[in-house]
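In case you want the letters, here they are:
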Amino acid sequence: MPSPTRLSILQRSLLWISCLGASALLVGYGPGKPDRDHLQQKIELNREQHQIPGASVAVIDNGKIVWAKGFGWADLDNNRPVTTQTLFQAQSITKTLTSLAVVKTLQRAGISLDEPVNRYLKNWQIPSNEFTERVPVTFRMLLNHTGAISNPYPDGGYRLNQTLPTLVEVFEGRPPATNPPLEVTAIPGENMRYCNGCYSILQGALEDIRSKDFATLMQVLVLTPAGMTDSTFNSAAVLADPKTFAVPYDPQSQPWPGAPMRSPILSTGLMWTTATDLARFNLALTSALQQSNSLINQALAKQLTWPSSSATRSLGFFIGNRKGDDQENGLYLYHSGSGVGYLSQSIISKDGQHGAVVLINISPEWDPKEFPQFEFVNETIAQIGEHYGWQ
């Protein structure tokens, strides 16, 4: 429970509304409308009921971002509200951007998705064992989560007071890394099982193929062409200015000790971003399904979004319905994310007409069995879909 001197989420919500005033409730895009006001009021009430410190929301309708808004608090102790520029860790939504960078890089280098990854890894190799001797791990397997690679971060990353290992030290399981060496744990390509280890190796492959660091590559390949002007993979720069990001909280609305988490693995979840920037990425991707653009050509966009390891999993996204549930032949592309102090959801219709992004700064411990705070995220997506008539 919060201490008696610490304001409750509800008390802070009242302060938030009184401080910002009615005009500030419509931070974002386009003219204010009464129906939009009503939707935002429902989202704010739901945030209070679920005791979510802060949330960032962006909404797509008729193929454009119609509004974006911060709800609640980025920093409870300092009464700092969430704005549309407040940075959150995207968590596993980051994988959608990583997948796009991979297919662009492979095409430019003339490398097939079905080539063994070890041919292109220079600083480390996927260890040979009884499974890889039968089937080598390919780029396609890493992208669609069938590579069967072990977990690279059993603790969810590294806290601010921990020494950060290198990427190779993580792969090899050498101190200060806290994980065992990465290995293939089953026959590659046989089963889809969500795989952070797979996307970790994709970071190493990109860096080895292009001879550049991952953050630089992502800026050139994805962030700049998608118009993601507020997003970055430079955690050091973000953490150097605490006023720029949302403080990560535990279920008791206390700051997670030693968080935000850090890691040499950026490709799986450590992009700092805004809901608006993720909406821009989704629009650029779905636009390319109709016509090539500066982010990606049409053929690669289709390759990223067609079913791959299952009817509901493509190379880069999950496929489902408007609520973000898996559904064969679903009309929506989506991806969620979870980590220490942050939860996220990104969804867009394949035609780019409807979508939303929701980011919040509270979560249970790393890798829990349940995420009760995700109810707010799911309910917000459902409220937006109902309001705008998503099919």
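Our subject is the structure that appears above.
Summary of the structure given here. (Residues numbered from 1 in each chain as written. Predicted model: local features only at pLDDT ≥ 70, side-chain atom pairs only at ≥ 80, totals over all residues. Heavy atoms only, no water.)

### Here we look at the pattern of salt bridges
Considering all chains together, one arrives at six salt bridges under this definition. For Arg174, the salt bridge is made with Glu169, and the minimal N-O distance between the two is 4.0 Å. Accessibility expressed as a relative area gives 38% for Arg174, which makes it partly exposed. According to the relative accessible area criterion, Glu169 is buried, its value standing at 16%. One salt bridge connects Asp277 with Arg280, and the closest N-O pair in it is separated by 2.6 Å. (Salt bridge = Lys/Arg side-chain N within 4 Å of Asp/Glu carboxyl O. Buried < 20%, exposed > 50% of the residue type's maximum accessible area, 1.4 Å probe, protein only.)

### Quick word on the state of the cysteines
Taken as a whole, this structure holds one disulfide when the rule is applied. A sulfur-sulfur distance of 2.2 Å marks the disulfide that ties Cys195 to Cys198. Measuring handedness by torsion sign, the sulfur bridge of Cys195 and Cys198 sits at about 85° and is right-handed. For the pair Cys195 and Cys198, a shared accessibility class is recorded, and that class is buried. (Disulfide = S-S within 2.5 Å.)

### Structural notes on the nonpolar core
Counting residues in hydrophobic clusters, the biggest one holds 82 residues, and the most contacted among them are Leu97, Ile201, Val222, Phe281 and Ile296. Ranked by the residues each element gives to this core, the list is headed by helix 9 (residues 275-288), at eight residues. Each residue touching Ile201, except ones within four places of it in the same chain, is listed here: Val117, Leu121, Trp124, Ile126, Leu142, Ile149, Phe171 and Leu182. (Core = buried A, V, L, I, M, F, W, Y, C linked by side-chain atoms within 4.5 Å. Helix = DSSP H or I, 4+ residues; strand = E, 2+ residues; numbered from the N terminus. Contact = heavy atoms within 4.5 Å.)

### Looking at the pairing of strand 1 (residues 54-61)
The element strand 1 is largely enclosed, with a buried count of eight among its eight residues. The alternating pattern of strand 1 places Gly54, Ser56, Ala58 and Ile60 on one face and Ala55, Val57, Val59 and Asp61 on the opposite face, and all of these are buried. Inspection of the sheet shows strand 1 paired to strand 2 (residues 64-75) by eight bridges, in the antiparallel sense. In the sheet register, Ser56 faces strand 2, and the bridge partner there is Gly70. The loop that links strand 1 with its antiparallel partner strand 2 comprises two residues; one of these, Asn62, has a positive phi angle of about 55°. Both strand 1 and strand 11 (residues 354-360) contribute to a ladder of seven bridges, which runs antiparallel. (Pairing = 2+ DSSP bridges.)

### Quick word on the layout of surface pockets
Here the largest pocket defines a volume of roughly 920 Å³. In terms of lining residues, the largest pocket is bounded by 48 residues, among which Lys95, Tyr194, Cys195, Asn196 and Trp366 are the most central. Every element with two or more residues in the lining of the largest pocket is listed here: helix 6 (196-210) and strand 9 (332-339). With five residues, the single largest contributor to the lining of the largest pocket is strand 9. Residues belonging to the lining of the largest pocket are distributed by class as follows: 18 nonpolar, 24 polar and six charged. (1 Å grid on protein atoms, 1.4 Å probe; cavity = no way out; pocket = protein on both sides within 12 Å on 5 of 7 lines; lining within 4 Å. Points joined across faces, edges and corners; volume = space filled by probe spheres on them. Nonpolar A, V, L, I, M, F, W, Y, C, P; charged D, E, K, R; others polar.)

### Describing the environment of Ser287
Residue position: Ser287 is located in helix 9. Accessibility expressed as a relative area gives 38% for Ser287, which makes it partly exposed. On a C-alpha basis, the gap between Ser287 and Lys350 in space is 9.0 Å, while along the polypeptide they are 63 residues apart.

### Examining the packing of helix 3 (residues 94-109) against helix 6
The interhelical angle for the contact between helix 3 and helix 6, taken along N-to-C directions, is 40°, at an axis separation of 10 Å. Relative to helix 6, helix 3 is oriented oblique. Where helix 3 crosses over helix 6, the handedness of that crossing is left-handed. Together, Lys95, Thr98, Ser99, Ala101, Val102, Thr105, Leu106, Arg108 and Ala109 of helix 3 and Asn196, Tyr199, Leu202, Leu206, Ile209 and Arg210 of helix 6 make up the contact between the two elements. Looking at side-chain class alone, the contact of helix 3 with helix 6 contains eight nonpolar, four polar and three charged residues. (Axes fitted to C-alpha atoms, helices over the stretch in contact; angles between N-to-C directions. Parallel < 35°, antiparallel > 145°, perpendicular 65-115°, else oblique. Left-handed = near helix turned anticlockwise from the far one by under 90°.)

### As for the packing of aromatic side chains
Two aromatic rings are characterised by how far apart their centres lie and by the angle between their planes. According to the stated counting rule, one finds ten aromatic pairs in the structure shown. With 4.6 Å between their ring centres and 40° between their planes, Trp124 and Phe171 make a pair best called tilted. One end of the pair, Trp124, is in the loop between helix 3 and helix 4 (139-143); the other, Phe171, is in helix 5 (residues 167-172), and 47 residues separate them in sequence. By relative accessible area, which is 3% here, Phe171 ends up buried. Between Phe214 and Phe233, the ring centres sit 5.4 Å apart and the planes meet at 90°, which makes this aromatic pair edge-to-face. Here the residue Phe214 occupies a position in helix 7 (residues 214-223), and Phe233 occupies one in the loop between helix 7 and helix 8 (235-239), the gap between them amounting to 19 residues. Across the pair, Phe233 and Phe214 agree in class, each one buried. One aromatic cluster in this structure is built from Phe88, Phe245, Trp272 and Tyr342. Just above the ring of Phe71 sits the side chain of Lys69; from NZ or CZ to the centre is 4.7 Å. (Phe/Tyr/Trp six-rings, centres within 6.5 Å; stacked < 30°, edge-to-face > 60°. Lys NZ or Arg CZ within 6 Å of the ring centre and 35° of its normal.)

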